[in-house]
Amino acid sequence: MMKRNLILSAVVLLFITGITGCKKLFDIKPKDTLDESQMYQNVYDADAAVIGIYGKFMGLADRYVVLNELRADLLDVTNNADENLRQLSTHTVTESNPYASPKPFYELILNCNDVLEHFLVMKKENKMKEAEFNQRYSDIGALRSFLYLQLGIHYGQVPYVTSSLKNVDDVKNSANFPKLPFNVLLDSLVNFTESLPYKDVYPTGTNLNISVDGYTTEKFYVNKKVLLGDLYLWKNNYQKAAEYYRQVMETGTQGVVDGRYYSFYKLGWDSDGAIDHYISYSRAGDASTLIWDSQWRIMFEQAYGSKGFDREWVWVLPFDSKFQPENSLIKLFSPVGGSYLVQPSQQVFDLWKSETQKVSAQGGAVPYDARGVLSTMTIGGQPVAMKFLYNYINYATQSPASVLTKSGKWFLFRETQLHLRFAEAANRAGKYRLAWGFWNNGISGAYPAPGSDVTLYHNTLSEPYPFNFDARNSGSSGVPYYRSDWYRNIGIRNRANLPNVDIPVADSLLSIESGLIKEEALENAFEGTRWADLLRVAIRRNDPSFIADKVYDKLRKSGISSGAASAARAKLMAKDWYLPFKW
Amino acid sequence: MISRFKWFSSFAACLAILLLNSCSKATDDHNSVTDPSLNKNLLELIKSNPQLSTFAKYLTQTGYDQVIASTKDYTVFAPSNTAIATLDATVINDPVKLKKFVGNHITAQLCNTNSVTVTKRLLMLSGKYNNMLRAKIELANITTANQYASNGLLQITDNMLPALDNCWEFLNNNSNAAAKQKNFMLSLFRNVYDVTNAIVTGVNPITGDPIYQAGTDSIYTNLFWNKVHDLRNESKQYTLFMLADGTWDSEVAKFLPYYVTNTTDSNTLVTSWNVVKDFAVDTVYDPATIPDTVLSKFGTKLPVEKSAIVKTIKTSNGIVYIMNKLNVQPASKFKTYLIQGENYAGYLVNRRSNTYFREKFNPVTGNNYTDVLVYNHGVSSFWLRYDIEEVPSIKYKAYWVAVNDFILAVPPAVPLTFTQKLAPGLPTATTFPYTTVTEKNYNEVYIGEFTNSKYSPVYNIYLVAAATTVKETNPLMCDYIKLVPSL
């Protein structure tokens, strides 16, 4: 008996020493991987963290497009789509639907939080210079705000977590993280994003604004001023929203006065089809001569760093067969090399069909909006939304150069959205004519001059900032001579070869606002902003029919889910706009 | 204590050994084939049935016994001895015919009477098809259904499934086929250029085109197969109408004036062709349910009077009706031509750079349309040519839709006043005068009547601009031209 007790105590003793000894005994850093404590040593490590965050962000591309477009009215499911996608389209999402889970957003948000905390430590320990810290901290901070804005748009009430958690499931602990209503969330986001110390893009020549693998990285990162403009627009703070949008619109107004100066984010012409992005015909009046290898369509195919690409796009991330992640958008959209899960809705075709182009010199007007012809293709008898596929499928041959080389781009924001949202803010701020001008035939078109002296015309200089634009153009013979900063601005409908829209005076505010949202559908269909646009206006007007009727029309005309139209309308009319917050 | 444990463990060991031993027998019982019919293949199953001895004998004679004894799956529709007793001696004594006959009772699919709930067309080993619906296949009833063997199903029937001629074989071989129409259809064999099986002997050094061995670059084929329906095709089903000789003559005579040519022979040939091309349709109409009007492949209405059906012949791929009356109306035979302005086949001089294909909206029809505009072409009497095919020698009413919405780019916007004309046959034809193209007129404009005096395999019609080089007065503009038969 005694002997057995002795052995037992010896074993216990050994155990205890073993446990206490473990810490020192096994606390050896792995030699082939980086431990967290060794990660953030200098600014290059910080850059790696930023790139890592954006790499992971690209994994959300298909989710972003699906949530923002399939829930709205321009994109529809195909017969190939599974039940989960169909639920999104018909607004019958159940809690088990993986597309509806906010978890992937939170995983990235927690990564952002982690990076932000480490950046703060680095700054404290002088491992980064003040300026370097400001740029990188603000970037990741703004991206987190962007992600939260997306969560708010799709889930309504969400927990606002700003500390790093090791386990994403802790977010669900409502005791620690109460859900904030969308409106309160927006306040938090405005406060945080406003407080970021650096709001410009990374300066040229810094490590994060370089050319790598054939891509200039300048447009990879979220544009903080656009984000702030959006946040203020959601908050109905039109003055602040317009101010931030205006700052982005003036990005090119510096340095040498050349084509770039006049057209960068200004929707200005440069007498070059690769930059102008018009809807045009090689012989006006002959509909069969629609230009597709240049002009409007080419903006979706142009290379990073090319002039036309630079002046049009604000935020784009590249998919390339040479690096991860894989292009999830080809799987979503393409019938070749993909699964063809979504297609343009009949509703968006009808929208394009309802437009008539400008009367040409050769008489008559083409009875549809040619942006529809260039945004979609019929491949193998099936309608395909093409914008995300033009780097993969050749427009002329209708097939990929190489099926396995799945390059492409994730388009997030461009100058038309910038101008339309500025116009939305300006319109609500009472500047109807200015808003109408950006939408139709430009500033000088909205303020035409009766003669050749344009001193008092072509401008809104009497307005306060940010509504004071100078678009004076005296022509070659006008005296005095003017070529002002905005003289090349031509307006979104004008660029697309569409006539101006006449607005009834009595109801100009709402007519212009509805027109702007419709124009964004025609111009930016499938680019991932439709649901947000509809929801923002529906909330602002307290008019659920603004969103419900459009979704109803899509479903009604859809051959696949027309049975769900009335139920979806009733749900949206009851302001039940959000997805279940569950994972 | 110890002894009890030892005893228990040896007992357990014994039990385990016992269980293991008995296992093999237990599985044997559960998995072994107990259904005796599954131990037999189809041939054995047929041979074991004295009712099917005649059919079994024919199987052995034709060699099909080896086929249905194989491991592939088949369904055999076996006629009982009573059903097969009436088989024609010419079939029994002709090995080829007998093989076809027996093969017509076997299909390489599994056909259960319970699962064939809609008519199913079965490909038999004879190469012909039989229609099956539940317990009925063609005219035979399945009396003993769904007997299974190791390699398929056996269906015992109360009637034979004779290997009938198909529609073309009937026409070719059977004395019941109406002679004049038959002779005409058999006269339609031509050598047609087809290089599918051609032998290449060299390459033309100048053009790079292949040179084919003489006689291999064409196939000898019938126009009816190519242009109407290939009545030899077993996988489809057709209805063929044949006119008794007198009716054929009068029907051809009725249409002779509409296909005037230079000689009597070609007049008859063209007319006969145009009469006969409407007589086969790719739908099978049963005598009981044939409608009073059948629409031909070319849109001609065939008025079918049941009392005019002289004979009905069932074929392996459809049905043939011998008729003593089939009074096709000329008005139904002749079609309206709709010529799209932008689909021109030729021009006086190439002015593509002055030619606009415009897509526009027509408020009268509510539809979009495409038209053609040739502007500033600088050619006096410029014309566009349109080709239409196989035009009968009849009178036509001509219409066009031409919308003059042509507005000068320079303000004040003034619509141009210009004229154009339609010239049937030749660009210089003065059949119609120049007509002013009215401003914003989206309706059809009646131009007038013209007569095509001779049947034309290809007929040219011209849209001619004004005889001037002034761009404001010589544009050419057209949505479509419509030619309506006027009898």
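Residues numbered from 1 in each chain as written. Chains lettered and ligands numbered in written order. Predicted model: local features only at pLDDT ≥ 70, side-chain atom pairs only at ≥ 80, totals over all residues.

### A few points about the overall build of chain A
Link 1 in the chain: Scanning chain A for helices and strands turns up 25 helices and ten strands.
Link 2 in the chain: Here the C-alpha radius of gyration of chain A, 27 Å, is about what a compact globule of 583 residues would show, namely 25 Å.
Link 3 in the chain: A principal-axis box enclosing the C-alpha atoms of chain A has dimensions of 115 × 55 × 50 Å.
Link 4 in the chain: Looking at chain A as a whole, 47% of its 583 residues are labelled buried. (Helix = DSSP H or I, 4+ residues; strand = E, 2+ residues; numbered from the N terminus. Rg over C-alpha atoms; globule rule 2.2 N^0.38 Å. Buried ≥ 20, exposed ≤ 12 C-beta atoms within 10 Å, placed from the backbone.)

### What about the sheet that holds strand 21 (residues 367-374) of chain B?
Residue and element names in this part refer to chain B.
Link 1 in the chain: The antiparallel open sheet is built from three strands, whose spatial order is 20-21-28. The sheet terminates laterally at strand 20 (355-362) and strand 28 (476-478), the two strands that pair on one side only. Strand-to-strand twist across the sheet, computed as the mean angle between neighbouring axes with direction ignored, equals 25°.
Link 2 in the chain: Where strand 20 and strand 21 come together, eight bridges link them in antiparallel fashion. Bridging across to strand 21, Phe-361 finds its partner in Asn-368. (Pairing = 2+ DSSP bridges. Axes fitted to C-alpha atoms, helices over the stretch in contact; angles between N-to-C directions.)

### Quick look at the domain arrangement of chain A
Residue and element names in this part refer to chain A.
Link 1 in the chain: Domain annotation for chain A reports domain 1 (39-416) and domain 2 (447-489).
Link 2 in the chain: Between the C-alpha centres of domain 1 and domain 2 the distance comes to 33 Å.
Link 3 in the chain: The interface of domain 1 with domain 2 comprises ten residues on the first partner and six residues on the second.
Link 4 in the chain: Going through the elements one at a time, helix 10 (238-249) and helix 11 (259-263) are the ones with two or more residues in the side of domain 1 that touches domain 2.
Link 5 in the chain: Here the side of domain 1 that touches domain 2 takes three residues from helix 10, the largest share from any one element. (Domains from an automatic or database assignment. Contact = placed C-beta atoms within 7 Å.)

### A look at the packing of helix 22 (residues 508-524) of chain A against helix 23 (residues 530-541) of chain A
All names here are of chain A.
Link 1 in the chain: It is the contact of helix 22 with helix 23, at a shortest axis distance of 10 Å, that shows an interaxial angle of 170°. Overall, the two elements helix 22 and helix 23 adopt an arrangement that is roughly antiparallel. In contact with Glu-513, Ile-517, Glu-520 and Ala-521 of helix 22, helix 23 contributes Arg-530, Asp-533, Leu-534 and Val-537.
Link 2 in the chain: Each residue belonging to the contact of helix 22 with helix 23 can be placed in one class, and the counts come to four nonpolar, no polar and four charged. (Parallel < 35°, antiparallel > 145°, perpendicular 65-115°, else oblique. Nonpolar A, V, L, I, M, F, W, Y, C, P; charged D, E, K, R; others polar.)

### Looking at unusual backbone geometry
Link 1 in the chain: Note the cis peptide between Tyr465(A) and Pro466(A), where omega equals 5°.
Link 2 in the chain: Within the secondary structure layout, Pro466(A) lies in the loop between helix 20 (442-446) and helix 21 (492-495).
Link 3 in the chain: In this chain, Val479(A) is followed by Pro480(A) through a cis amide linkage whose omega measures -5°.
Link 4 in the chain: Located in the positive-phi region is Gln295(A), a residue other than glycine, with phi close to 60°.
Link 5 in the chain: You can see Gln295(A) is positioned in helix 13 (residues 295-298).
Link 6 in the chain: Classification of Gln295(A) as buried rests on a count of 25 C-beta atoms within 10 Å.
Link 7 in the chain: For Ser381(B), which is not glycine, the phi dihedral falls at a positive 55°.

### Looking at helix 11 (residues 245-255) of chain B
All names here are of chain B.
Link 1 in the chain: Taken residue by residue, helix 11 has Thr-247, Trp-248, Glu-251 and Val-252 as its buried positions. End-on view of helix 11: buried residues confined to an arc of 130°, all on one side of the axis. Exposed residues on helix 11 whose side chains face more than 90 degrees from its buried face are Gly-246, Asp-249, Ser-250 and Ala-253.
Link 2 in the chain: Lining the buried residues of helix 11 we find helix 9 (179-186), strand 12 (238-243), helix 12 (264-276) and strand 17 (318-323). (Arc of directions from axis to C-beta.)

### A look at the sheet that holds strand 18 (residues 337-340) of chain B
Residues and elements named next belong to chain B.
Link 1 in the chain: Overall, antiparallel pairing links the four strands, which are arranged 18-29-23-26 in an open sheet. A strand with exactly one partner marks an edge of an open sheet, and here the two such strands are strand 18 and strand 26 (445-451). Between one strand and the next, the sheet's axes are offset by a mean angle of 20°, whatever the strand orientation.
Link 2 in the chain: As judged from the seven bridges shared by strand 23 (residues 395-401) and strand 29 (residues 480-486), these two strands associate in the antiparallel manner. Paired with Lys-395 across the strands is Ser-486, a residue of strand 29.

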